[in-house]
Amino acid sequence: MDTIYRVYYLNQQMDITDKFEDGICYLQFQVDGETKYMTVKYQNGYDMGSHGYAQPDEFNTTPTE
């Protein structure tokens, strides 16, 4: 059986299994007439905001020494 990846946010759900490109998926949700932008890293977390998509290197990064 293949793995299915879904995002659940408030009363909305989205199957994102086939939406990843180079390990990143960009989603939009409508909440009370406002657009929420979500950036998902494959097996490495997500970021959500109201002012556009976060760049993948802006979250869940390994600090450099």
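Coordinates for the structure precede this section.
In this report, we go over the structure that sits alongside the text. These numbers come from a predicted model, not from an experiment.

With that out of the way, let us pick up the sheet that holds strand β5 (residues 46–49). With antiparallel pairing, the 3 strands of this open sheet are ordered in space as β3-β4-β5. In the strand order of this sheet, the two ends are held by β3 (24–31) and β5, each with one partner. Averaged over all neighbouring strand pairs, the angle between strand axes comes to 20°, with direction disregarded. Of the pairings in the sheet, the one linking strand β4 (residues 34–41) to β5 comprises 4 bridges and is antiparallel in character. Following the sheet pairing, M38 is matched in β5 by M48.

Conventions and cut-offs
Residues numbered from 1 in each chain as written. Predicted model: local features only at pLDDT ≥ 70, side-chain atom pairs only at ≥ 80, totals over all residues. Heavy atoms only, no water. Pairing = 2+ DSSP bridges. Helix = DSSP H or I, 4+ residues; strand = E, 2+ residues; numbered from the N terminus. Axes fitted to C-alpha atoms, helices over the stretch in contact; angles between N-to-C directions.

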